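# A structural walkthrough
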Amino acid sequence: MAREKIWKDILPVEKLEEKWVTRVDFGARKLAVYDTPSGIYTSMALCNHGGVDLCDGYFDGHVIECPLHQGAFDVRDGRPVGAPATRPMMTFQTRVHEGMVQIKA
Amino acid sequence: MSQQIVTPLTQALAEGKLSREELKELMQRSDAISLRRLGVWVLVLIATTTIVVLAWNSWLIWPAMFIHGIVLVHHFSLQHECVHYTVFRTRWLNDLVGQICGYIIMLPHRFFRYEHCDHHTYTQIHGDDPELIPAPKTYGEYLLYLSAIPYWRNKFVEIFRHARGQLNDVERKFIPKEEYASVYRDARLMLSVYALLFVGMAVTGWWGLIWLWIIPVIMGEPVMRFIRMTEHVGRPTVAQMHENTRTNIVSMPWRFLCWNMNYHAEHHYVASVPYHTLPKLHEKLKDHIHVEKYGYVGAHVDIIRHIRSQKTAAEGV
């Protein structure tokens, strides 16, 4: 039976880079946390095309761009919006609770 | 889970050559800056087109077409920026302008985008970098490359191969399967548009495009080959970005034409940085990259020196 996912703290909300992407080491996982006009979103940090850290890429609105090839993803649902990205990236349900950014994991 | 790839950018950040704040500022894009620059670009095009028209009935049409051709072939530089989505903040504008550039120089935009991705992943690595220009071993090879004859032969073979619905083994490495059909469609569409233009000229009896577009592009392409050689040829065929790429210091008109792509090592370090902030990135990285202060000519002196040293070694002197 699959383990039930629970909310887990990943970083204090004041440590988020405003209107940008913040890198978070969460156990063995590298996460990218995005401060967007419609709220905070989280995805895996490594691009699923080339394995490059998306947190060093260009971020605008809801789109994160890989720094190596400029493949792009919509951070709200992880869908690819620019080649060479073709597969959705893994995203996490995210919320802010008592001053902490939390993901369901 | 993806394995992390360490890029030159990752290294530059880790080694403190560049801070995260600086990177963020350098990556900012602007529609306004680029639309203004594109406006000037169009004015330059109008000016060189006018020169050709004014020289129509004299021998001066040949130098006029050459000058016009130099501007036309530099649509490659603009298309290259569009491939990286760094010209406009609005992503679809990059696609639109990139497509138009591609039609001017017969380089389908989608295909170039995929090919160029692997060039950035495997810069200067034999067998993996699909854009690698082999270092000429003889003066004959050097001059043949500069003539652009091999370039056009490859481009025609490539586009007809795609129009027939075929990709070669190298292309299958960098184009994802789900995009094969789109690459074929792009090639067919481009050839159809060209065919339509020729039919249009035949029907109307006005062959102006031959003189205003096709001959100038053919005449200008050796200049683009001359410039493209300066980016990597003669540099070591190794993965280290500070060694395998050359930044050329050139004058303002050339920087304008090539959309600052003379700052090539900086571009390879951080491909997300738009052309208009590359000079600032140059100031940050100039002590960590290979800079040719004598520009394109200096780079070719270096290339010719390599040919001469190989020749000398081969003759056992």
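The coordinates are above.
Anyway, here's the lowdown on the structure attached to this text. Only a predicted model underlies this, so the values are computations on that prediction, with no experimental measurement involved. (Residues numbered from 1 in each chain as written. Chains lettered and ligands numbered in written order. Predicted model: local features only at pLDDT ≥ 70, side-chain atom pairs only at ≥ 80, totals over all residues. Heavy atoms only, no water.)

## Some remarks on the sheet that holds strand 11 (residues 100–104) of chain A
All names here are of chain A. With antiparallel pairing, 3 strands are arranged side by side in an open sheet as 1-11-10. Edge positions in the sheet fall to strand 1 (7–12) and strand 10 (94–97), since each of these pairs with one other strand and no more. On average, each strand axis in the sheet is tilted by 35 degrees relative to the strand beside it, whichever way the strands run. Bridge analysis of strand 1 against strand 11 gives 5 bridges, and the strand direction is antiparallel. In the strand pairing of strand 11, Leu11 is matched with Val101. (Pairing = 2+ DSSP bridges. Helix = DSSP H or I, 4+ residues; strand = E, 2+ residues; numbered from the N terminus. Axes fitted to C-alpha atoms, helices over the stretch in contact; angles between N-to-C directions.)

## A short note on the interface of chain A and chain B
At the interface, 32 residues of chain A touch 29 residues of chain B. Buried area between chain A and chain B, both sides added, is near 2,500 Å², and the carbon and sulfur share of it is 50%. The largest share of the area that chain A buries against chain B comes from Asp56, Tyr58 and Gln70 of chain A, three residues that together contribute 24% of it. Linking chain A with chain B are 6 salt bridges, by the criterion used here. For Arg20 of chain B, the salt bridge is made with Asp56 of chain A, and the minimal N-O distance between the two is 3.5 Å. The tally of links between chain A and chain B comes to 15 residue pairs in polar contact (both at pLDDT 80 or more). Of the residues in the side of chain A that touches chain B, the class split is 15 nonpolar, 9 polar and 8 charged. (Contact = heavy atoms within 4.5 Å. Buried area = accessible area lost by both parts, 1.4 Å probe. Salt bridge = Lys/Arg side-chain N within 4 Å of Asp/Glu carboxyl O. Polar contact = N/O pair within 3.5 Å; in protein donor to acceptor, adjacent residues only side chain to side chain. Nonpolar A, V, L, I, M, F, W, Y, C, P; charged D, E, K, R; others polar.)

So far we have only geometry, and geometry alone does not tell us how the molecule works.
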